[in-house]
Amino acid sequence: MAATHTGHGHTRSTRQQWAGGLTVFAGVMLMLAGLLDLFRGVMAIADDDVFVSTPSYVFRFDLAGWGWIHLVLGAVAVVVSLGLFQAAFWARVLGVVIAGLIIVANFLSLPYYPVWSVVMMAFSALIIWALCVARPETSYDVPGDDG
């Protein structure tokens, strides 16, 4: 008679692989978003001619001020992404928070660089999705532990 395989152990392993893969995906995306935000901050602080100012926008802020905000958010995002590569829980929580702040900062800086702001908001939404969907298993089998 043929043995029946329930697949329970295989499903758990697959879930762990998906959770790990999504966490690495979020880490890479957050690293990229952080680096791009760092570069954007430097450009804004240097008053680069890349940025366009829309005079009739509801939110009007100093370009150099936004540059510093993007620079700090980018630096924190890079540090948090390094924590995601270590699968640290604090990095998952801070990753969602930082990605949310990047969305808000890019929304408020729409008049200076509209297309790139929308791209960064979409990037950050993917990061939040990946960090919220991936749920690593809370209990792991220890080899040799029968008990």
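Residues numbered from 1 in each chain as written. Predicted model: local features only at pLDDT ≥ 70, side-chain atom pairs only at ≥ 80, totals over all residues. Heavy atoms only, no water.

Draft legend 1. Fine view of the overall build of the protein. A tally of regular secondary structure across the protein gives four helices and zero strands. Of all 147 residues assigned to the protein, the portion counted as buried reaches 35%. Counting every atom, the protein has about 9,000 Å² of accessible surface; 70% of that belongs to carbon and sulfur. (Helix = DSSP H or I, 4+ residues; strand = E, 2+ residues; numbered from the N terminus. Buried < 20%, exposed > 50% of the residue type's maximum accessible area, 1.4 Å probe, protein only. Areas by Shrake-Rupley, 256 points an atom, 1.4 Å probe, with all protein chains shown as cover.)

Draft legend 2. Representation of the nonpolar core within the structure. With 26 residues, the main nonpolar core has Leu30, Leu84, Ile98 and Ile127 as its most contacted residues. Looking at this core, the elements that each hand over two or more residues are helix 1 (8-45), helix 2 (63-85), helix 3 (89-108) and helix 4 (114-133). Per-element tally for this core: the top contributor is helix 1, with seven residues. What leucine 84 contacts, discounting residues up to four positions off in sequence, is Thr23, Ala26, Gly27, Leu30, Ala91, Arg92 and Leu131. (Core = buried A, V, L, I, M, F, W, Y, C linked by side-chain atoms within 4.5 Å. Contact = heavy atoms within 4.5 Å.)

Draft legend 3. A nonpolar patch on the surface, seen in detail. A contiguous nonpolar patch, built from Phe89, Trp90, Val93, Leu94, Val97 and Leu101 and spanning about 570 Å² of accessible area, is present on the exposed surface. Relative to the elements of secondary structure, valine 97 occurs in helix 3. Here valine 97 falls in the partly exposed class, since its relative accessible area comes to 41%. (Patch = residues over 30% accessible without salt bridge, like charges linked within 9 Å, V, L, I, M, F, W, Y side chains within 5 Å. Salt bridge = Lys/Arg side-chain N within 4 Å of Asp/Glu carboxyl O.)

Draft legend 4. Spatial organisation of the environment of glycine 100. With respect to the helices and strands, the residue glycine 100 is situated in helix 3. A relative accessible area of 23% places glycine 100 in the partly exposed class. Separated by 21 residues in the primary sequence, glycine 100 and methionine 121 place their C-alpha atoms 8.7 Å from one another.

Draft legend 5. Quick peek at the confidence of the model for the protein. For the protein, per-residue confidence averages 79 on the pLDDT scale, and 73% of positions sit at 70 or higher. Segment residues 138-147 is flagged for pLDDT under 50; beyond a separation of four residues in sequence, or across chains, it makes four contacts in the model. (pLDDT = per-residue confidence, 0-100.)

Draft legend 6. The arrangement of the UniProt feature "transmembrane region" (unreviewed entry) in the protein in detail. Mapped onto the present numbering, the UniProt feature "transmembrane region" (unreviewed entry) falls at residues 21-43, 63-82, 89-109 and 115-134. Its end C-alpha atoms 33 Å apart, residues 21-43 is made of 100% helix and 0% strand. A helix fraction of 95% and a strand fraction of 0% characterise residues 115-134, whose end C-alpha atoms lie 29 Å from each other. (UniProt positions renumbered as here; feature names shortened; annotations may be inferred.)

Draft legend 7. View of the environment of valine 104. Assignment of secondary structure puts valine 104 in helix 3. The exposure class of valine 104 is partly exposed, given its relative accessible area of 46%. Sequence separation of valine 104 and serine 117 is 13 residues, and the distance between their C-alpha atoms is 9.9 Å.

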